[in-house]
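Descriptive structure summary
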Amino acid sequence: MRTPEAEVDVTPELVRALLREQHPDLAELPIEPVTNGWDNALLSLGEDLCVRMPRRAVAAHLVLNEQRWLPEIATRVDVPVPSPFRVGRPGHGYPWSWSVNPWFQGRTAAEVSPVDRGPLVEPLALFLSRLHVPAPPEAPRNPVRGVPLWERHERMSRRLGASDHSRAGELLDLWHDLVDTPVWEGPALWLHGDPHPANVLVDDANGLAAVLDFGDLTSGDPATDLGTAWMTFEAPDRVRFRARLDELAGVDEHTWTRARAWAVVYASVLITGTADNPLLAAIGEHTTAQVLKDD
């Protein structure tokens, strides 16, 4: 699998035309393409801003979720998040809403060797403990995040059963061991929904600079986000991360077991769906190796 094709070609020329019409005070700033994800295109706007635009229809409502909820979340987590600076409307043939967001300096944790990510343990645990509070009933729904593990079972079995990855069979066996872990019985908590290290920005000291990409923002089982313990860290830092979250949030053993299952979910996606993205593919290999260890 490779990154899906864009349904709309997002170009600097399109962005400038939209800005001239809707935010003319920003329209003459330099615009440069930065990256194309599965769902969104990101372009820099001057030195301190960026433009985030859906490139597929499936992502259009995700930007609306960010626009609606990130300003409130930003006040609570005390970590920089891409709360929209300006909101854009459809125009010039572009069919969806879009955002002008702050641009954060730094590099992603995925670009840092896993053995050097220890400075993230404390701030990332603190961020998740502040994010994971009960969400209102109108919080965004996500059919593949925050849900009971059994709802992922059929897709996981198909994905890993069809994979030719050398450790797909081991991942599938582990998934079968974990899928029947007791479900989350607490309230639906706010979730980031996509907690891999390419969505975590670090500073020069490898400390937490920002948390990015809330496109999968939803509510449900906090184990969904705690899978980052295997995605981001190696065993010694994972032990510290778990211990700190246990202190901050009182995470029970069943939740940590489900978190390991969610790490299997993320590993399965990354080892089968990132053939054209070496950075994400490396996260998949790391997660696979870590989740198959007996900690």
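The structure we're discussing is the one just above.
Everything in this summary refers to the structure shown in the same document. Computed from a prediction, not measured in an experiment: that's the story for all the values here.

Of the regular secondary structure elements, the chain holds 10 helices and 10 strands. Against the globule reference of 19 Å for 295 residues, the chain gives a C-alpha radius of gyration of 19 Å, in line with a compact fold. Dimensions along the principal axes, computed over C-alpha positions, put the chain at roughly 55 × 40 × 40 Å. Of all 295 residues assigned to the chain, the portion counted as buried reaches 53%. Surface accessibility of the chain: about 13,000 Å² in total, with carbon and sulfur atoms responsible for 52%. Put simply, the chain has 27 plus and 43 minus side-chain charges, and the middle of one group is 2 Å from the middle of the other.

Tracing the sequence through the fold places L174 in helix α5 (residues 168-178). For the pair L174 and L292, spaced 118 residues apart in the sequence, the C-alpha separation amounts to 7.7 Å. If we skip the residues at most four places from it in the chain, L174 touches R260, V264, V291 and L292.

What follows deals with the pattern of salt bridges. Enumeration over the complete set of coordinates arrives at 15 salt bridges. Here the salt bridges do not stand alone but share partners, grouping R52, E66 and D213 into one network.

Moving on, we come to helix α3 (residues 121-131). If you check which residues of α3 are buried, you get V121, L124, A125, F127, L128, S129 and L131. On the buried face of α3, the contacting elements are α2 (60-77), β7 (189-191), β9 (208-211), α6 (223-226), α7 (228-232) and α8 (235-249).

What counts, and at which threshold
Residues numbered from 1 in each chain as written. Predicted model: local features only at pLDDT ≥ 70, side-chain atom pairs only at ≥ 80, totals over all residues. Heavy atoms only, no water. Helix = DSSP H or I, 4+ residues; strand = E, 2+ residues; numbered from the N terminus. Rg over C-alpha atoms; globule rule 2.2 N^0.38 Å. Buried < 20%, exposed > 50% of the residue type's maximum accessible area, 1.4 Å probe, protein only. Areas by Shrake-Rupley, 256 points an atom, 1.4 Å probe, with all protein chains shown as cover. Lys, Arg positive; Asp, Glu negative; His and termini not counted. Charge placed at Lys NZ, Arg CZ, Asp CG, Glu CD. Contact = heavy atoms within 4.5 Å. Salt bridge = Lys/Arg side-chain N within 4 Å of Asp/Glu carboxyl O.

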